[in-house]
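Survey of secondary and tertiary structure
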Amino acid sequence: MTASSGLPVRVDLLTGHFDAINVQHKSTCMRDLQGVFSDDAARKALPEDFEVYHVEMLASPQQEGELHTGTTHLMPGKVADEFFMTRGHFHQRREQAEFYFGLRGEGILLLQPENAPAYTEQVFAGSVHHIPSFTAHRLVNTGHDVLSALAVWPVIAGHDYQSLQPDGFRIRVFDRDGKVSLEVAGV
Ligand code: PAN
Ligand code: ZN
């Protein structure tokens, strides 16, 4: 693979870090995750500038037909008993799919189709995940180390964070006495 600059790009498949010029970084901190965890008072009690996850992305041409490539690094930890997770989203263009590749750590990918029950997939080094069209997706870190996953998705997909409100994902993931517990939200 070559960057648009023509320089070679390398990805460390043990970490997902890119060795390239023009790598963009987006950080998501505790303060950005209002309303995401079931116990928002517990979230507010944690340091607001704690970085829960960050995404590093290669520069992609912003035109139809092109693809984004990015790695998400999700820290281990919990808000009360609920494992750290990404905000999660549908694609603005609902028909656009995505691939995730687990690189390190242990976690769960929550998948929430628009008109079907939510389901989950285990994420681990070497796991491969097809996120179908019309399906919201969220990573959850259930392990003790950083969870990193490489993703590839169309630049036209866009992110829709609003449509999951107010109900959110219908599965939540908790630590119950040291065991990972998948629980149906709102029950
Ligand atoms: C990923 C996500 C990344 C961060 O690159 O954007 O894991 O999650 P949120 O966007 O939900 O905060 C992806 O799915 N892109 O489409
Ligand atoms: Zn996505």
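Residues numbered from 1 in each chain as written. Chains lettered and ligands numbered in written order. Predicted model: local features only at pLDDT ≥ 70, side-chain atom pairs only at ≥ 80, totals over all residues. Heavy atoms only, no water.

Short version of the rule: UniProt positions are given in the numbering used here, feature names are shortened, and annotations may be inferred rather than shown by experiment.
As recorded in an unreviewed UniProt entry, the chain goes by glucose-6-phosphate isomerase and comes from Rahnella woolbedingensis. Taken verbatim from the UniProt record of the chain, the Pathway (unreviewed entry) comment is "Carbohydrate degradation; glycolysis; D-glyceraldehyde 3-phosphate and glycerone phosphate from D-glucose: step 2/4." Quoted verbatim from the Sequence similarities (unreviewed entry) field of UniProt, the annotation for the chain is "Belongs to the archaeal-type GPI family."

**With respect to the coordination of the zinc ion (ligand 2)**
Condition: Listed donor atoms are N, O and S within 2.8 Å of the metal (Na, K and Ca: 3.2 Å). As water is not included, a site may look incomplete. In short, tetrahedral needs four donors with all angles between 85 and 135 degrees, square planar needs four and octahedral six donors with opposite donors over 155 degrees apart and all other angles between 65 and 115, and whatever is left is irregular. Whether a residue is buried, partly exposed or exposed follows from its accessible area with a 1.4 Å probe, protein chains only, as a fraction of its type maximum: under 20%, in between, or over 50%, in that order.
Only His89 (NE2), His91 (NE2), Glu98 (OE) and His137 (NE2) from the protein reach the zinc ion (ligand 2) as donors, at distances of 2.1 to 2.3 Å. Classification of the site at the zinc ion (ligand 2) rests on its six donor atoms, whose angles at the metal span 75 to 174 degrees, yielding the label octahedral. In terms of primary sequence, the donors binding the zinc ion (ligand 2) are separated according to H-x1-H-x6-E-x38-H. A relative accessible area of 4% means that Glu98 is categorised as buried.

**A closer look at the environment of Val36**
As a reminder, the rule being used: Strands here mean DSSP runs of E at least two residues long; helices mean DSSP runs of H or I at least four residues long; both are numbered from the N terminus. In this analysis, two residues are considered to be in contact whenever any of their non-hydrogen atoms come within 4.5 Å of each other.
Looking at the secondary structure, you find Val36 in the loop between β3 (24-29) and α1 (40-44). Apart from the residues lying within four places of it in its own chain, the contact partners of Val36 are Met85, Thr86, Arg87, Arg138 and Arg172.

**Some details on the sheet that holds β3**
Picture the strands of a sheet paired through backbone hydrogen bonds; they go either parallel or antiparallel. Put simply, the rule is: One requirement defines pairing of two strands: DSSP has to find at least two bridges between them. Here an axis means a line fitted to C-alpha atoms, over the contact stretch when the element is a helix, while the angle between two N-to-C directions is reported on a 0 to 180 degree scale.
Here six strands make up an open sheet; going across it, the order is β3-β4-β5-β14-β9-β12 and the pairing antiparallel. Where the open sheet ends on each side, the last strands, each with one partner, are β3 and β12 (128-131). With strand direction ignored, the average angle separating the axes of adjacent strands in the sheet is 20 degrees. Pairing between β3 and strand β4 (residues 51-57): six bridges, direction antiparallel.

**Examining the nonpolar core**
Put simply, the rule is: The criterion is simple. A nonpolar core is a set of buried Ala, Val, Leu, Ile, Met, Phe, Trp, Tyr and Cys residues joined through side-chain atoms within 4.5 Å.
Membership of the largest hydrophobic core comes to 35 residues, with the highest contact counts inside it found for Phe84 and Leu139. Put simply, the parts of the chain that give this core at least two residues each are β4, β10 (107-113), β13 (135-141), β14 (147-154) and β16 (171-176). Apart from residues no more than four positions distant in its own chain, Leu139 is found in contact with Thr72, Leu74, Phe84, Met85, Thr86, Tyr100, Ile108, Leu109, Val123, Leu147 and Ala149. One finds Val9, Leu58, Leu103 and Leu150 within the second-largest nonpolar core, a separate group that totals five residues.

**Details of the site of ligand 1**
Heads up, the condition is: Any residue with a heavy atom lying within 4 Å of a molecule or strand is counted as near it. What qualifies as a polar contact is a pair of N or O atoms within 3.5 Å, subject to a donor-acceptor requirement within protein and to the restriction that residues adjacent in sequence count only when both atoms come from side chains. The Shrake-Rupley method, run with a 1.4 Å probe, gives the accessible areas here. Residue values count only the displayed protein chains as cover. When residues are sorted by character, Ala, Val, Leu, Ile, Met, Phe, Trp, Tyr, Cys and Pro go into the nonpolar class, Asp, Glu, Lys and Arg into the charged class, and all the rest, Gly among them, into the polar class.
Around ligand 1 sit 14 residues, and of these Tyr53, Thr72, Gly88, Tyr100 and Tyr161 come closest. Measuring from an oxygen atom of ligand 1, one finds a side-chain N or O atom of Thr72 at 2.7 Å. At a separation of 3.0 Å, an oxygen atom of ligand 1 approaches a polar side-chain atom of His159. For ligand 1, whose free accessible area comes to 390 Å², the fraction covered by protein is 96%. Counting only elements with at least two residues in the shell around ligand 1, the list comes to β4 and β9 (98-104). Residues belonging to the shell around ligand 1 are distributed by class as follows: five nonpolar, seven polar and two charged.

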